[in-house]
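Observations on the three-dimensional arrangement
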Amino acid sequence: MAFVENSVGAYATMYAFADSEGDRPTTPTPASRAKRFGRIVPVTIMVLCGLFFTLPLLAMARFSLQNVPMIHLGWSTLFKKWSFSGITRAFGEQGFRDGLKLSSVLAVGTVVLTLGLLLPTALWVHLRVPKARAFIEFLTVLPYVIPPIALVAGIRVIKPHARWFLNSDLSLIPFYVVLALPFTFRALDAGIRAIDVKTLVDASRGLGAGWVTTMRRALIPNLRTAIISSAFLTATVVLGEFTIAQVLLKRTLPQFMAEYQSREGQGGMGLALLAIVATTTLLAILTLATRKRGQAQPISRF
Amino acid sequence: MTTLVVPSVGGRAVGATPKARRSWAWLGLFPFFAFLALFLIVPAISVFSKSLYDSKDHFGLTALRDAFRGQNLAAFKFSVWLSALSAAVGVVVGTLLAYAAATARRPRWLRSLVASFSGVAANLGGIPLAFAFIALLGRQGLATKILSALGVDLYGSGFQLDTTQGLTAAYSYFQIPLMVLITLPAIDGLKTSWRESAASLGGTSFTYWRRIGLPVLAPSLLGGFLLLFANAFSAYATARAMTTKSLIVPLRIGFYLRGDISTGEEQLGFSLAAWMIIIMAVCMGLYWILRKRAERWRS
């Protein structure tokens, strides 16, 4: 789950990763005097950043897995009373199961709608209206300009006119498609550009296949990586989304996590830790998988 | 934007000329346009239309101006200060980290570790991140404990999690990696030959950075600042989990939208949201321009 606050920066990475295959950076041709100084500074930066990025996670792990109050924590108690009891207790909560179920349903729904809407659109742009490309790209970054908190304000405005729709929990799905749009479209678009769609389509059509067969047998197998990337990323956004769900009072997993932490500190913290571990693993796998292929694909929403 | 509106192709004869056929192809994009209009554009426009009417249904800019009164003004000030500070920290530390990673020869995996980690950490945020910082810097936090063992009383010195310091610390966790992602390619774009030329013309390392390095990086750094500012300005969940007060603009919007308050008050939430969109549009627009400039050196 990615607990993305908002997706403002997402396309920064589209080019951050795009040319990582290119020239290696310049190594400073070192003047001998500056040499030692020049080495100490980067090492210090690395160490300090390393600490800054690992300490919060360690603190979180200790808080959620060790049953020793902070006052009693010392060298003698450092390795005592570690257990998963907080997390297992959280698993037993009805709210947790409901939240997990709702979030999973939303994730699946969002992935399906995203692919159903964007795959044909991206292909159509590529094959028939390449002129529309710049405009479509502009539209796909609009969700940065209208961040979740502003979008949900808009949803509140239209709510009186569409209560029948917005009262359903599943009404979150199209809005989540919008939130994920900037990078799902990019991921698909990059995949499409990496293969020769036109030849594939012509060949398949020339052999008498209809559009459905062409999609199913020729295009989708070739776009597998792109499809999986965008599906993963969509899922991480949905499973971490808090703003819209909280304002609209939908009981999703992050919403439960926040509420549970205020009454069961340790369990709530444990769930959050699990969530971070899950996200990191998922995104790391995705990074490695897409890197190996040497594809210049944006694997991150940033 | 308006020149590309789809329905304008409707009146043409079917497949008469190649031109007409091309126009019909635009119809294939109709589902996408309709979807976006319904679930993004309509909500955004309704925020503006709401905020242009005051509580007595009079059209005007009163409601938009009211968003800058009292507690809301304080929230704006706090938000701008927090976003600027966390963006500044992100730009400085992120650039240094990216430079350290880009120029490190050993170990080999360091660079890709920093890049991959940044890709993940830039995505963290919201509830779990806030919890991590509560575990670290809260009153019962690990760092608080370690510091007190070292003789530093963090809370005695006036530190609080829900102040600029606490929130900046948490925001840095996604701001720094985001900046690394932005500057890494820019730093890669600095060519060895430029440095060599500068050296052969008698320039010192300082001259190189002042006359070549920083000017080339400037659009990326400035663009990065804007992006990070926008990123922090619209962040909701992290702050929501770290404080119960409505300190920043997104939290105030949430407060008005969620609360059981009179309709007139709710209006303020929409006005604040309208301002949020305006500010984001300005930041992103400028970022877009700067990014185009930054790309000039990358070929």
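This is a predicted model, so every value here is computed, not measured. (Residues numbered from 1 in each chain as written. Chains lettered and ligands numbered in written order. Predicted model: local features only at pLDDT ≥ 70, side-chain atom pairs only at ≥ 80, totals over all residues. Heavy atoms only, no water.)

**Looking at the overall build of chain B**
- When helices and strands are tallied, chain B shows 13 helices and zero strands.
- Element order for chain B, N to C, with α for helix and β for strand: α-α-α-α-α-α-α-α-α-α-α-α-α.
- Within chain B, the proportion of its 299 residues that are buried is 53%.
- Accessible surface computed for chain B: about 13,500 Å², of which carbon and sulfur atoms make up 65%. (Helix = DSSP H or I, 4+ residues; strand = E, 2+ residues; numbered from the N terminus. Buried < 20%, exposed > 50% of the residue type's maximum accessible area, 1.4 Å probe, protein only. Areas by Shrake-Rupley, 256 points an atom, 1.4 Å probe, with all protein chains shown as cover.)

**Topic: the overall build of chain A**
- When its secondary structure is counted, chain A shows 15 helices and zero strands.
- Relative to its full complement of 302 residues, chain A shows a buried share of 55%.
- Long-range contacts, defined here as pairs at least 24 residues apart, represent 76% of the contacts in chain A between residues at least 6 apart. (Contact = heavy atoms within 4.5 Å.)

**Observations concerning the packing of helix α6 (residues 126-137) of chain B against helix α7 (residues 142-149) of chain B**
All names here are of chain B.
- One can describe the packing of α6 onto α7 by two numbers: an axis separation of 3 Å at closest approach and a directional angle of 20 degrees. Accordingly, the angle class assigned to the pair α6 and α7 is roughly parallel. For the pair formed by α6 and α7, the contact residues are A135, L136 and L137 on the first element and L142, A143 and T144 on the second.
- Each residue belonging to the contact of α6 with α7 can be placed in one class, and the counts come to five nonpolar, one polar and no charged. (Axes fitted to C-alpha atoms, helices over the stretch in contact; angles between N-to-C directions. Parallel < 35°, antiparallel > 145°, perpendicular 65-115°, else oblique. Nonpolar A, V, L, I, M, F, W, Y, C, P; charged D, E, K, R; others polar.)

**What about the packing of aromatic side chains?**
- Summed over the entire model, instances satisfying the criterion amount to 25 aromatic pairs over all chains.
- Clustering of aromatic rings is evident, with ring pairs tying together A:F52, A:F53, B:F117, B:F133 and B:Y173.
- Seen from the ring of B:W288, B:R291 lies directly overhead, with NZ or CZ sitting 5.2 Å from the centre. (Phe/Tyr/Trp six-rings, centres within 6.5 Å; stacked < 30°, edge-to-face > 60°. Lys NZ or Arg CZ within 6 Å of the ring centre and 35° of its normal.)

**What about the nonpolar core?**
- Membership of the largest hydrophobic core comes to 179 residues, with the highest contact counts inside it found for A:I244, B:F32, B:F133 and B:L137.
- At 15 residues, helix α8 (residues 164-188) of chain B tops the list of elements feeding residues into this core.
- Summarising the domain contributions, this core has at least three residues from each of domain 1 (2-51) and domain 2 (69-297) of chain B.
- Other than its neighbours up to four places away in sequence, B:F133 contacts A:F52, A:P56, B:G138, B:L161, B:A169, B:A170, B:Y173 and B:M242. (Core = buried A, V, L, I, M, F, W, Y, C linked by side-chain atoms within 4.5 Å. Domains from an automatic or database assignment.)

**Here's the deal with the interface of chain A and chain B**
- The partner chain B presents 97 residues to the 98 residues of chain A that form the contact.
- Taken together, chain A and chain B are joined by zero salt bridges.
- Run the count over chain A and chain B and you get five residue pairs in polar contact (both at pLDDT 80 or more).
- Among the elements that take part in the side of chain A that touches chain B, helix α2 (residues 32-65) of chain A stands out by supplying 14 residues, more than any other.
- Considered class by class, the residues forming the side of chain A that touches chain B number 72 nonpolar, 16 polar and 10 charged. (Salt bridge = Lys/Arg side-chain N within 4 Å of Asp/Glu carboxyl O. Polar contact = N/O pair within 3.5 Å; in protein donor to acceptor, adjacent residues only side chain to side chain.)

**Description of the pattern of salt bridges**
Residues and elements named next belong to chain A.
- Overall, the coordinates contain 11 salt bridges over all chains when judged by the stated rule.
- Notably, a salt bridge pairs R193 with D189, separated by 3.6 Å at the nearest N-O pair. Taken together, the positions of R193 and D189, both in helix α9 (residues 172-194) and four residues apart, correspond to about one turn of that helix.
- Among the ionic contacts, a cluster of salt bridges with common partners joins R133, E137, R186, D189 and R193.

**Notes on helix α10 (residues 205-233) of chain B**
- With 29 residues, α10(B) extends only 36 Å from end C-alpha to end C-alpha; this falls clearly short of the ideal 42 Å at 1.5 Å per step.
- Where α10(B) bends most, the angle comes to about 45 degrees, and this point is B:L214, followed within four residues by the proline B:P215. (Expected span 1.5 Å × (residues − 1). Bend = angle between axes of the 7 residues up to and from the residue.)

**Re a nonpolar patch on the surface**
Residues and elements named next belong to chain A.
- There is a patch of nonpolar side chains on the surface, built from V43, V47, L48 and L51 and spanning about 360 Å² of accessible area.
- Here L51 shows up in helix α2.
- Residue L51 is classed as partly exposed on the basis of its relative accessible area of 44%. (Patch = residues over 30% accessible without salt bridge, like charges linked within 9 Å, V, L, I, M, F, W, Y side chains within 5 Å.)

**Some remarks on the confidence of the model for chain B**
Residues and elements named next belong to chain B.
- Taken as a whole, chain B shows an average pLDDT of 84; of its residues, 89% reach a score of 70 or greater.
- Mean pLDDT across the elements of chain B ranges from a minimum in helix α1 (residues 18-25), with 64, to a maximum in helix α2 (residues 30-51), with 93.
- In this model residues 1-16 is a low-confidence stretch, pLDDT under 50, and it forms 18 contacts with partners more than four residues away in sequence or in other chains. (pLDDT = per-residue confidence, 0-100.)

**Let's talk about the side chain of A:K250**
Residue and element names in this part refer to chain A.
- With respect to the helices and strands, the residue K250 is situated in the loop between α13 (243-247) and α14 (253-263).
- Using a relative accessible area of 5% as the deciding quantity, one classes K250 as buried.
- Separated by 2.9 Å, the side chain of K250 and the backbone oxygen of L166 make a polar contact.
- The residues touching K250, leaving out its near neighbours within four places in the chain, are L166, N167, S168, D169, S171, L172, A245 and Q255.

**What about the side chain of B:S172?**
- By secondary structure assignment, the location of B:S172 is in helix α8.
- In contact with B:S172, other than residues within four places in its own chain, are A:F52, A:F53, B:V89 and B:P177.

**Notes on unusual backbone geometry**
Residues and elements named next belong to chain A.
- Unlike most non-glycine residues, L249 shows phi in positive territory, near 60 degrees.
- Summarising the element assignment, L249 is placed in the loop between α13 and α14.
- Given a relative accessible area of 58%, L249 falls into the exposed group.

**Concerning the confidence of the model for chain A**
Residues and elements named next belong to chain A.
- Summary statistics for chain A give a mean pLDDT of 81 and a share of 83% for residues scoring 70 or more.
- Below pLDDT 50 for its whole length, residues 1-26 participates in 105 contacts with residues either more than four positions away or in separate chains.
- Counted against residues more than four places away or in other chains, residues 293-302, with its pLDDT under 50, gives 51 contacts.

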